[in-house]
Amino acid sequence: MGWPSLLDRLPQVRGKLIENASLSDITWLRVGGPAQVLFLPADAADLARFLAETPRDIDVRVLGAGSNTLVRDGGLPGVTVKLTPAFGKVEALENNRIRAGAAALDKMVAKAAAKAGVAGLEFYVGVPGAIGGALRMNAGCYGTETKDVLVEAVALDRTGRRIIAPVEELGYAYRHSQAPDDWIFIEAVFQGEADEPAAVTERMNAITERREASQPIREKTSGSTFKNPDPETSGGRSAWQLVDAAGWRGKPIGGARFSEQHCNFLINDGTATASDLETLGETVRAEVKAQFGVDLHWEVKRIGEPE
């Protein structure tokens, strides 16, 4: 990439710092350039110290499970933080509450809640990705969102300061939060209600079956590409219906296409570049706007530089 080395400007850590680290093998779309430096923190204290001591002119960002992220082909300058299993613990608390680390996969949080006899978090079994991303974008499915079950989230800001934010302070809206961009979520507490583990598991299984029947979950994809538009401006049509009506179900650009099964899901056929995927998305946005006067907004987070 031709980036200068950053290691001599970064503090000592107990975790790992990796230069020119591949990211295409850890994002669900399996595309994108490398991270100039990838930081794998040993724990929250290691991350807090790193944030406090890293010069402010060096960009620092977090990459979660990579389920809802498109890394551009030129890669990510600065430091990319990838939370380690130390941030993935899930435990049941008193009063039907669940504490989960930001690196815990959403589906594992749902399963842990079911095992503990806590209802209300079943929807997470149908949400791709990890809790950190769910907190950032108010992830949800089938009528329930993160804001509906969250008690509080814990984050570190760019100075390494630990912040405990009640749900009311996060400014949640549809697939959006008002959390500052520099916050890195590290854990959260969720509120459920008591129920029999078997009953919770049964509802989770129904969500899984519904998702497998309607979504291309075994492909190289990233979940929903576009947010659903306001029904008043879209004539009641969802994002997938607009993509379909514009004629883009299964139609490729390079190695990218929208899924024939659910055409709000971008698919990498194994040969796509990040540019193919982003170009396809932007082309479809332009055609939906031209044909129907509706603005589609990306739900997938696009980061990094073009090649």
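Calculation rules
- Within any chain, residue numbers begin from 1 and follow the written order of that chain's sequence.
- For this predicted model, a pLDDT threshold of at least 70 governs which residues receive local features, and a threshold of 80 or more governs which side-chain atom pairs are given and counted, while totals over whole chains, interfaces and linings are taken from all residues.
- Hydrogens and waters are ignored; side-chain quantities use all the structure's heavy atoms.
- Any Lys or Arg side-chain nitrogen located within 4 Å of an Asp or Glu carboxyl oxygen qualifies as a salt bridge.
- Strands are runs of DSSP state E lasting at least 2 residues, helices are runs of H or I lasting at least 4, and numbering of each runs from the N terminus.
- One less than the number of residues in a helix, times 1.5 Å, gives the span that helix is expected to have.
- To sort residues, take the accessible area from a 1.4 Å probe on protein chains only and compare it with the maximum for the residue type: under 20% means buried, over 50% means exposed, and anything in between is partly exposed.
- Working note: the arc is built from the helix axis to C-beta atom directions.
- Note on contacts: a residue pair is in contact if any heavy atoms of the two residues lie within 4.5 Å.
- Grouping buried Ala, Val, Leu, Ile, Met, Phe, Trp, Tyr and Cys residues that are joined through side-chain atoms within 4.5 Å yields what is termed a nonpolar core.
- In this analysis, strands are considered paired if DSSP registers two or more bridges between them.
- Only the contacting stretch of a helix is used when fitting its axis, a line to C-alpha atoms as for every element, and angles between N-to-C directions run 0 to 180 degrees.
- Working definition: roughly parallel below 35 degrees, roughly antiparallel above 145 degrees, roughly perpendicular at 65 to 115 degrees, and oblique for all remaining angles.
- Note on residue categories: nonpolar means Ala, Val, Leu, Ile, Met, Phe, Trp, Tyr, Cys or Pro, charged means Asp, Glu, Lys or Arg, and polar means any other residue, Gly included.

Q: Looking at this model, I keep getting lost on the pattern of salt bridges. Mind explaining?
A: Scanning the model with the defined rule gives 20 salt bridges in all. Overlapping salt bridges bring together Arg72, Glu278, Glu282, Arg285 and Arg302 as one network.

Q: What am I meant to see in helix H4 (residues 197-214) here?
A: For an α-helix, the turn length of 3.6 residues means that residues three or four places apart are oriented alike. Taking 1.5 Å of rise per residue, 18 residues should cover 26 Å, and H4 covers 26 Å from first to last C-alpha, within 8% of that figure. Listed as buried for H4 are Val200, Met204, Ile207 and Arg211. Down the axis of H4, the smallest arc covering the buried residues is 55 degrees, so these residues share one side. Those residues of H4 that are exposed and aimed more than 90 degrees away from the buried face are Ala198, Glu202, Glu209, Arg210 and Ala213. Tucked into the core, H4 has its buried residues touching helix H2 (106-115) and strand S8 (118-119).

Q: What is the right way to look at H2 in this model?
A: Where H2 is concerned, the buried positions are Asp106, Val109, Ala110, Ala113 and Ala114. Buried residues of H2, seen end-on, are gathered within an arc of 135 degrees and therefore sit on one face of the element. The secondary structure elements touched by the buried residues of H2 are strand S6 (90-93), strand S7 (97-101), S8, helix H3 (131-137) and H4. Count one or two residues on from H2 and you reach Gly117, which has phi positive near 75 degrees.

Q: Even after reading the chapter, I still don't get the nonpolar core, so can you show me in this structure?
A: Side chains that are nonpolar tend, in soluble globular proteins, to be buried together. If you look at the biggest cluster of nonpolar residues, it comprises 37 residues, and the most contacted ones within it are Tyr124, Ile131, Leu135, Leu170 and Phe190. With sequence-adjacent residues up to four places away left out, Leu135 is seen in contact with Thr146, Leu150, Ala153, Tyr172, Ser177, Phe185, Glu187, Ala188 and Phe190.

Q: I tried to follow the sheet that holds strand S17 (residues 265-268) on my own but got confused; where do I start?
A: Strand pairing in a sheet relies on backbone hydrogen bonds, with the paired strands running either antiparallel or parallel. In space, the three strands of this open sheet follow the order S15-S17-S16, with antiparallel pairing throughout. Every other strand in the sheet has two partners, leaving strand S15 (220-224) and strand S16 (256-258) as the edge strands with one partner each. Across this sheet, the average inter-strand angle for adjacent strands is 20 degrees, counted without regard to direction. When S16 meets S17, the two strands line up antiparallel, connected through three bridges. Among the inter-strand pairings, Phe258 is bridged to a residue of S17, identified as Leu266. Each of S16 and S17 is contacted by helix H7 (residues 274-292), which is oriented at about 40 degrees to S16, the strand it contacts most.

Q: Looking at this model, I keep getting lost on the packing of H2 against H4. Mind explaining?
A: In helix packing, the relevant descriptors are the interaxial angle and the interaxial distance, both defined with respect to the helix axes. At a minimum axis separation of 8 Å, H2 and H4 run at an interaxial angle of 155 degrees. Here H2 is positioned roughly antiparallel relative to H4, judged by the angle of their axes. Touching Ala110, Lys111, Ala114 and Lys115 of H2 are Pro197, Val200, Thr201 and Met204, all from H4. Considering only residue class, the contact of H2 with H4 consists of five nonpolar, one polar and two charged.

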